[in-house]
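An overview of the molecular structure
Read off the chains here:
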Amino acid sequence: MSRSQKVFTSLLFLLMFTYNLNAQPQHGARRGGGNRPGSGIMGKVIDDVSKSPIQYANIMLHKQDTDEAITGTISNERGRFHISPVAPGLYYVTVKFMGYEELRIDSLAITFAEPAAMLGQILIKPASLDGESVVVERERTTMEYKIDKKVINVGQDITSSSGTAVEVLENAPSVTVDIEGNVELRGSSNFTVLVDNRPSILEANEALQTIPASTIDNIEIITNPSAAYDPDGVSGIINIITKKNKLEGVSGIANLNAGMLGQLGADILLNYRNHKYTAYISAAYHTRAFEGQDTSFSQTQSSDTSAIFYATQTGKRRFEHGGYRLRAGFDYNISDSDVLGIKFSYGKRGFNMSSDNAYSRYNSVFSTPVISRTEASSERGGGYYGLGGNYEHQFGSPLHRLEIDANYSLRKSDEESNTQEYDISDNQIDGRRTTEDGPTTRSRLEIKYEQPYGNEGKIEAGYKFRHGVSTDNSGLQDWDSTTTTYIEVQSYDYDTEYERNIQSLYGTISNNFGKFGVQGGFRAEYTFRNIAVVDSSHLVSEIDRWDYFPTFHISYNITPTQKFMTSYSRRIRRPRGWFLEPFETWTDAYNVRRGNPELIPQSINSFEGGYMQYFGKNMISVEFYARETHNLVERVQTVYPAYENVILHTFDNVGNSLSLGSELSLRVMPFEWWDFNLMGNIYHYEINDQPVSFQQNVESDNWSLRFNNNFSVNKMIRLQLNAMYNSPSATAQGEREAMFFLNAGARLNIIENKLSASINIRDVLDTGDHESISEAPGLYIFHASDRAAPIISASIKYNFNNYRSKDMMRGNGENGGDSAEGDDF
C-alpha cells in the first residue's frame, strides 16, 4: 500500500469514528418536551415557503398594555432565539426580517409558576406584490456586516455595474486595488478566491477579472475563517456568490454593457424551479481594455565591474482581457430529506498585453546614450471546464445533515511572449520568444457531516481530498541577426510536471451560552507535492509533510444591537506552481521573469477582535487585527547575471512580517435621500529577519479610506459617488506611492422591477496614477504608470418573469466552508 493510500485509509477511519460518535444521542438533550425548558421566551423562526431557518431575524418583546419595547434579540443560524430573563407580566412579541411580513404574537403570560413561554416554530411569509406570487425587492445596503464576514451586495453598487468583480472590490472594506487591477486583502495579495463556496478553476486574479459584476449577487470577505475552510491564503477568503433564483416557475435576468476602449459585455441567466427540482443555465461574454503611459529609470551595477549602467524608458502599453463562460446546474429532490445535484461549467479566457517603449542606455564609462525601441507582446489564455456533483441527506432537520461533494476540472493555459528591439533606423537588432503550454487538472472530494446538539450547539466534521496535476512545456527562441530568424535554444526547452495531493480531516464545535457564542475548530492536513523535469532524473522540489490548523471564535451579544467578537486562526500559503518554475520568460528586452524552486510555504497566525453597534438604520463597526507571517514570500528584483542592464524578476522568502491594524466602518443615513459608508483602515507593517541581501528592518505606517455615497433623487433615479485613497506603503525592496481616484455612477429605473439602465465614470479626475521605487544591492528602479482616464461605460438590465435572487428573499444566508486557492503547489 502506497503512502498516499495509507494516509487516505487512516483519515477515512477517523472520519467514520467521528461520524459514529456524533450520531449517538447527546446526554441530556431534549427529546420532544421531556425536559423543563427553563425561563424566558423561546422559539424558532422559519421561512413559510422553503421551511428553512432564518438567521438574524429581529425579535422584540413588548408590554401588552402599553406597547413599550422591553428587550429583544436576533435568531441564530438555526433560526432559534431565547429572550431571558423576563419578569412576570403580559407581553407580545414581534418578529421582523427584511423581505418578509411582520408577525405579531399576542398574550404571552409569564408567571412565577410558568416562567417560560415556548413559541415553537414561527412561520413568517415573504412579502408579496398585490396578490402576485412575487417577493418584493428590498433595498439592500451596499455593505452588510455579519459575525464572521463582510458582505458586499453588488446589486446596489452602480459604479461597478458594467465592470468585473475587481471593480466591485474597489469599494469593499479590507480590500485595496491598484491601477493594474491587482487586489490585496488587508495589505496582502495572498488570499483564496471561491465561487459559490467552491474553488475557482482559474487563478485568483484571473477569476476576479473574468467574472462580470452583473452576474454576481454578493461578495463575502472572510478574514479569519474557521477550520471548516481550507487554510490556504495569507489574509483570508473572497467568496463570489453568483445570482440564483429561489422562486417557483421560470424567471431570468439579462444584462448588456459597453464602454470606452472597446469594452463590451453581455450575460443572461434562465432559471426554472418547482417543488421537485431546480434547473438553471447561464452564459456570459466580456472584453475589457486599459491603456496608459509608462515611465521608468533604472541604475544597475554588477558585482564584477565598477561601471554603473543607466536606462530610461517611456512608452505606451495596452492590457486587455476577455472571454466567455457557460454554466448549468440541476438539483433533484429525491425525497424530503435527500437532494442530488450536478453542475457543469465551460469557458475560455484570454489576457493580452502589448507595449511600445523608447529606451536610452548609457553607463558611467561611456556617457553617450544608445537609443533603441522595443516592442513587447504577450498572450495567455485557453479553455477550461468543470464538472461537479453533490448529494445531501437531512436527518430530520436542515441542520443535521450529511453532504458529499465531488468536482473535476481541467484548464488549458497557453502563453507566448515576444520582444523585439530596433535601432534608430528601425532595424531589428535583438529579439526573444518564449512559449509555455500545458493542461492543469484538479479533482476534489469532500464528505461533511453536521449535527446539532442541545438547544443551540453544532458539531461539524469532514474529510477532504484534493489532487492536482499540471504539465508545462517551456521553450525559448532567440533572434539571430545573421539569418534574421529566430533560433530555438535547446538548453531552455523543458517539460515540467507538477503533482500535489492534500488530504484533510477537520472538526468544529460551537454553542451559545446565554449571550456568549463559542466556536472551536481543528484541521490536520497531509501534503505530498513534487515538481520534476519530464524525461530527467532532476527533481526540482518536493514536499512531504503534515500541517495543523487550530481556530477559535468568540462572540458576545451585549444587547440586541451591540456585539463583540474575537477570533484566531492559523493559515498557510503554499507557493503557486509558476512561482517555483526555474525557467526564464522575457517580458521585454530588459526584463526577465524566473521562478524559485527553493521557496518555503508561508505560515500565518491571525488574530482579530471587533465591536459592532446598530442604531436605527445606522451602524458602526471597529475591528482590530494582528497578522504574523513566517517565511514571507515577495516578488524581488535583481540584476540579471548575464546582462548588466537587464532586471531579473523572481520570488524569494524575504523574512517574517507583522501587520497590526484597525478598521473603522460607519454606515449612516442622515436623510431619506442620502446614505453613505465611510471605511478606514490604518495599520503598521514591518518585515524582520531578512536575509542579508535585502533591505533590513523594513517598516511603514499605512492607511486607506473609502467614502461611498448613495443619493436617491426620486423613485426612478439613484446616484452614486465613491472616493478611495491608499497611502504610501513599504515593500521588501522599496515602497509604493499613494493613490487616489474618484468614481461616479447613475441608475434609471425605466420600468419598475423590470428594466433599468446605468452609466458610470471611473477615475473621474484622472488621478489614479501609480508610482513605486525598488532598491537592492547594485539596483535602483523608479517606475510610474499613468492609466488613461476617465473611462465611461453604460449598462442595461432586464428582469423577466419577476426574477428575484435568493438574497432578495431572505437575506444573505450562512454559506458553508469549501475552499482552495487556484492551483497552488
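Attention in this report is confined to the structure presented alongside it.

If you walk across this open sheet you meet the three strands as β4-β1-β7, and the pairing is mixed. Looking at the sheet topology across the chains shown, the edges are occupied by β4 (80–83) and β7 (116–124). Here the strands of the sheet are splayed against their neighbours by 15° on average, with no regard to which way each runs.

With that settled, consider the nonpolar core. Counting residues in hydrophobic clusters, the biggest one holds 24 residues, and the most contacted among them are L169, V183, L208, I219 and I238. At four residues, the largest contribution of residues to this core is made by helix α2 (residues 165–169). Counting residues in each nonpolar core, the second largest holds 21 residues, with I54, L61, L108 and A117 among its members.

Here the focus is a negative patch on the surface. On the surface, D766, D769, E771 and D786 cluster together to form a negatively charged patch. Topologically, D766 is positioned in the loop between β47 (755–762) and β48 (770–776). The partly exposed category is assigned to D766, whose relative accessible area is 32%.

By definition, the strands of a sheet pair up through backbone hydrogen bonds, in either a parallel or an antiparallel sense. Taken in spatial order, the four strands of this open sheet run β3-β2-β5-β6, and their pairing is antiparallel. Strands with a single pairing partner mark the edges of an open sheet, and in this sheet they are β3 (69–74) and β6 (103–110). Adjacent strand axes in the sheet meet at a mean angle of 25°, parallel and antiparallel pairs treated alike. Judged from the six bridges that link them, strand β5 (residues 89–96) and β6 form a sheet pairing that is antiparallel.

Here the focus is the side chain of S729. Considering the arrangement of structural elements, one finds S729 in strand β44 (residues 729–731). Judged by relative accessible area, S729 falls into the buried class, the value being 9%. Among the polar contacts listed, one links the side chain of S729 to the side chain of N702, at a separation of 3.3 Å.

Moving on to a nonpolar patch on the surface. Residues L256, L264, Y285, Y324, L326, F344, Y346, L387 and I796 make up a contiguous nonpolar surface patch of about 800 Å² in total accessible area. When residues of the nonpolar patch are traced back to their parent elements, those giving at least two are β21 (309–333) and β22 (338–363). Note on placement: Y285 falls in strand β20 (residues 277–300).

Once that is clear, we can look at the pattern of salt bridges. Throughout the structure, instances matching the rule amount to 27 salt bridges. A salt bridge links R318 to E320; its shortest N-O distance comes to 3.3 Å. Notably, a salt bridge pairs E525 with R574, separated by 2.7 Å at the nearest N-O pair. Taken together, the positions of E525 in strand β31 (residues 516–533) and R574 in the loop between β33 (562–573) and α4 (577–580) put the pair 49 residues apart, joining distant regions of the chain. This pair shows no difference in class: E525 is buried, exactly as R574 is. When salt bridges that share partners are traced, they join D230, D232, K464, R466, R523, E525 and R574 into one network.

Here we take up the packing of aromatic side chains. Evaluation of the coordinates by the stated rule reveals 23 aromatic pairs. Ring geometry for Y385 versus Y408: centroids 6.4 Å apart, planes at 50°, classification tilted. Of this pair, Y385 sits in strand β23 (residues 370–397) while Y408 sits in strand β24 (residues 400–412), and the two are 23 residues apart along the sequence. Grouping aromatic residues by their ring pairs yields a cluster made of F671, W673, W674, F676, F707 and F711. Above the ring of Y92, the side-chain terminus of R104 is found at 3.5 Å from the ring centroid. Of note, R433 hangs over the ring of Y486, and the distance from its end group to the ring centre comes to 4.2 Å.

Where β24 and strand β27 (residues 439–453) come together, twelve bridges link them in antiparallel fashion. Paired with K412 across the two strands is P439, which belongs to β27. As defined by bridge partners, β27 adjoins strand β28 (residues 457–480) across 14 bridges and the pair is classed as antiparallel. Bridge pairing in β28 places E446 opposite K464. Taking the residues between adjacent antiparallel strands as the criterion, β27 and β28 are bridged by three residues, where G454 takes a positive phi near 60°.

With respect to the element layout, N726 can be found in strand β43 (residues 717–726). Residue N726 is classed as buried on the basis of its relative accessible area of 11%. Residues within four places of N726 in sequence aside, it is in contact with T176, V177, W703, S704, R706, A738 and M739.

So, how was this worked out
- Residues numbered from 1 in each chain as written.
- Predicted model: local features only at pLDDT ≥ 70, side-chain atom pairs only at ≥ 80, totals over all residues.
- Heavy atoms only, no water.
- Pairing = 2+ DSSP bridges.
- Helix = DSSP H or I, 4+ residues; strand = E, 2+ residues; numbered from the N terminus.
- Axes fitted to C-alpha atoms, helices over the stretch in contact; angles between N-to-C directions.
- Core = buried A, V, L, I, M, F, W, Y, C linked by side-chain atoms within 4.5 Å.
- Buried < 20%, exposed > 50% of the residue type's maximum accessible area, 1.4 Å probe, protein only.
- Patch = residues over 30% accessible without salt bridge, like charges linked within 9 Å, V, L, I, M, F, W, Y side chains within 5 Å.
- Areas by Shrake-Rupley, 256 points an atom, 1.4 Å probe, with all protein chains shown as cover.
- Salt bridge = Lys/Arg side-chain N within 4 Å of Asp/Glu carboxyl O.
- Lys, Arg positive; Asp, Glu negative; His and termini not counted.
- Charge placed at Lys NZ, Arg CZ, Asp CG, Glu CD.
- Polar contact = N/O pair within 3.5 Å; in protein donor to acceptor, adjacent residues only side chain to side chain.
- Phe/Tyr/Trp six-rings, centres within 6.5 Å; stacked < 30°, edge-to-face > 60°.
- Lys NZ or Arg CZ within 6 Å of the ring centre and 35° of its normal.
- Contact = heavy atoms within 4.5 Å.

Function cannot be inferred from these measures alone, as they are strictly geometric.
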